[in-house]
Amino acid sequence: MMSTTERVGPCRVAIAGFGTVGQAVARILSGDIHPSLQLTHICNRQVNRKKVGWVAPEVVWTEAFDDVLDGSVDVVVELIGGRSPARDWIEQALAAGVAVVTANKQVIAHDGVSLGQAARQADRPLLFEAAVAGGVPIVRSLREGIAGDRLYRIQGVLNGTCNYILTRMEREGVAYADVLAEAQRLGYAEADPTADVDGFDAQAKLAILIAVGLGCEVGVDDIPLGSIRPISAIDFSYAKRLGCVIRQVARAELLPESGQIRAAVQPALVPDDSSLARVEGTQNIVVVDGEFGGETAFSGFGAGGEPTAVAVVSDLLAIARGAPGRQATDVQARRPVAREFDAPHYVRFMIRDRPGIIAALAEVFSRHAINVDAVWQEPGWAKTELPFVMTLESCGSASVTAALNEIGQFDFHVRPPLWLPILSRGEARA
Ligand SMILES: NC(=O)c1ccc[n+]([C@@H]2O[C@H](COP(=O)([O-])OP(=O)(O)OC[C@H]3O[C@@H](n4cnc5c(N)ncnc54)[C@H](OP(=O)(O)O)[C@@H]3O)[C@@H](O)[C@H]2O)c1
């Protein structure tokens, strides 16, 4: 196989996976804006039902991935999703001397380091701009645009589905279940929304950002998760009183003393004039802090066929130019994940009212050395299902969890208490 620098003529591209992103990539390659790229193969299971008339007649349609590696392709674009067989296909392509571009966050988050080694061994690029924040060029920006800085913190709203649900609930006071059903109807949420709303999608993306931006490998599953499912319309009205909105926030910090990475993906209260608050609907944002350059924010469409295809095609152009940049996830070390963040906390209770409840809660918090900052209760709710909120002064998430495990044993709860960290302006910068 010819090296990318020796190639004469356009870079020959095979697409594996002709779904939402694969079709959008093929559309761009089928136009005339990138003469340095030539679509040559489309590989998909049961490929006959996928054929479309707008693809050039010389493009080879196939079900067999081996056909793609027959020596007539320079780059494979892996867009089938999932870990298997995607990982094997990427390895096979690299071993055959073929460069790879992928949008697959699961494969890169879990296997990026070993695939990076395979790419180095094969001396072929493996690029994955589209795997994090879709059309937002965050991977290249971290590697090249602000590579001169020493980054110590990365925060982001990385899941468009969650952000769509939370911003609709906030603006229109609609219940979680209703917004989710609408998001599913509009194609913004999967039939099974678990990966999005319970944080797994953002967890994989955060693990990649930690590798690329902070230079450390972490166990993807070690990053703790919190779901957005228990959030109700009432939480937005209390958040507003506190000058905040609610976002699913993915955050990671390098702790210089211990060398650990502190990371979490969970819903949080963020100041309503912060960068994280400003991102609405299906948009994503990544905010990074560096020792020398301070804060830099990157935002845009984090998903959708076309924005994601732009990221894929940009990777293809880098390869066609023979300037693909650094390989996969060039990490310096595997680091443990510290799960503990200190922050003020918002705790919402939904109770059957009776005398002595506040005293009982205050006693438990006090035993866990947690100071209650304020108690908030909006009027007009039935005593049988009464919401109220306690805000807690800054304390560790482990103390809050321990206190709430104990509090959860009381018999006055109608729903389990919900706790959310309140990120300060320093953490969710304006
Ligand atoms: N959609 C987005 O907005 C977005 C954004 C960022 C990143 N991504 C990533 O991009 C990748 C593709 O996503 P997508 O939304 O385009 O998915 P998709 O619409 O489900 O498309 C996947 C395509 O791959 C085919 N496929 C799946 N498994 C296969 C296998 N084992 N052998 C052959 N073909 C197979 C599917 O065929 P069938 O038609 O038979 O199912 C389908 O055509 C994923 O890694 C995803 O995480 C997507």
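Since this is a predicted model, take the numbers as computed values, not measurements.

(A) The arrangement of the environment of Leu225 in detail. Secondary-structure assignment places Leu225 in the loop between strand E8 (216-217) and helix H10 (233-241). You can call Leu225 partly exposed: it has 15 C-beta atoms within 10 Å. In this structure the C-alpha to C-alpha distance between Leu225 and Ala398, which are 173 residues apart in sequence, comes to 14 Å. Apart from residues no more than four positions distant in its own chain, Leu225 is found in contact with Asp198, Gly199, Phe200, Gln203, Val265 and Gln266.

(B) Up close: the pairing of strand E1 (residues 11-16). Of all six residues in E1, five are buried; the element is thus mostly enclosed. Across six bridges, the pairing between E1 and strand E2 (residues 37-43) is parallel. Residue pairing across strands places Ala16 opposite Cys43, the latter belonging to E2. As a crossover connection, the stretch from E1 through helix H1 (residues 20-30) into E2 is right-handed. Summarising the sheet, E1 and strand E4 (residues 75-78) pair through four bridges and their orientation is parallel. Within the sheet, the bridge partner assigned to Ala14 lies in E4 and is Val76.

(C) Region of the structure containing the sheet that holds strand E14 (residues 337-338). An order of E12-E11-E7-E9-E10-E14 is seen for the six strands of this open sheet, with the pairing classed as mixed. At either margin of the open sheet sits one strand with a lone partner, and together these are strand E12 (294-301) and E14. In this sheet, strand E10 (residues 261-271) lies alongside strand E9 (residues 244-254) in antiparallel orientation, the contact comprising eleven bridges. Looking across to E10, one finds that Ala250 is bridged to Val265. Helix H6 (residues 160-172) rests against strand E7 (151-157), E9 and strand E11 (283-290) of the sheet, and its axis sits at about 150 degrees to E9. Packing of H10 onto the sheet brings it into contact with E9 and E10, and relative to E9 it is tilted by some 80 degrees.

(D) How the structure looks around the site of the ligand. Looking at the ligand, there are 22 residues lining it, with Gly17, Gly19, Gly81, Ala103 and Ala303 nearest. At the level of elements, H1 and helix H12 (305-320) are the ones that each hand at least two residues to the shell around the ligand. Its residues assigned to classes, the shell around the ligand shows eight nonpolar, twelve polar and two charged.

(E) Representation of the pairing of strand E17 (residues 386-396). Note that strand E15 (residues 342-351) and E17 share nine bridges and pair antiparallel. In the strand pairing of E17, Ala343 is matched with Cys395. The pairing of strand E16 (residues 372-376) with E17 spans four bridges and is classified as antiparallel. Along E17, the bridge assignment pairs Ala374 with Thr391.

(F) Inspection of the packing of H6 against helix H7 (residues 176-186) at higher detail. Look at H6 against H7: their axes get within 9 Å of each other, and the N-to-C directions meet at 130 degrees. It follows that H6 is oblique to H7 by the angle criterion. Crossing angle aside, the handedness with which H6 passes H7 is right-handed. On H7, the residues that touch Thr161, Tyr164, Ile165, Arg168 and Met169 of H6 are Tyr176, Val179, Leu180 and Ala183.

(G) Just the confidence of the model for the protein chain, in detail. Summary statistics for the protein chain give a mean pLDDT of 93 and a share of 95% for residues scoring 70 or more. In this model residues 1-5 is a low-confidence stretch, pLDDT under 50, and it forms nine contacts with partners more than four residues away in sequence or in other chains.

(H) Looking closely at the packing of helix H4 (residues 105-122) against helix H9 (residues 200-214). Where H4 contacts H9, the axes come no closer than 8 Å and their chain directions differ by 50 degrees. Of the possible angle classes, the one that applies to H4 and H9 is oblique. By crossing handedness, the relation of H4 to H9 is classed as left-handed. Residue-level inspection shows Lys105, Gln106, Ile108, Ala109 and Gly112 of H4 in contact with H9, the latter providing Ala204, Lys205, Ala207, Ile208 and Ala211. Of the residues in the contact of H4 with H9, the class split is six nonpolar, two polar and two charged.

Here is what the cut-offs are and how they apply
Residues numbered from 1 in each chain as written. Predicted model: local features only at pLDDT ≥ 70, side-chain atom pairs only at ≥ 80, totals over all residues. Helix = DSSP H or I, 4+ residues; strand = E, 2+ residues; numbered from the N terminus. Buried ≥ 20, exposed ≤ 12 C-beta atoms within 10 Å, placed from the backbone. Contact = placed C-beta atoms within 7 Å. Pairing = 2+ DSSP bridges. Right-handed = clockwise from strand over helix to strand, strands pointing away. Axes fitted to C-alpha atoms, helices over the stretch in contact; angles between N-to-C directions. Near = placed C-beta within 6 Å. Nonpolar A, V, L, I, M, F, W, Y, C, P; charged D, E, K, R; others polar. Parallel < 35°, antiparallel > 145°, perpendicular 65-115°, else oblique. Left-handed = near helix turned anticlockwise from the far one by under 90°. pLDDT = per-residue confidence, 0-100.

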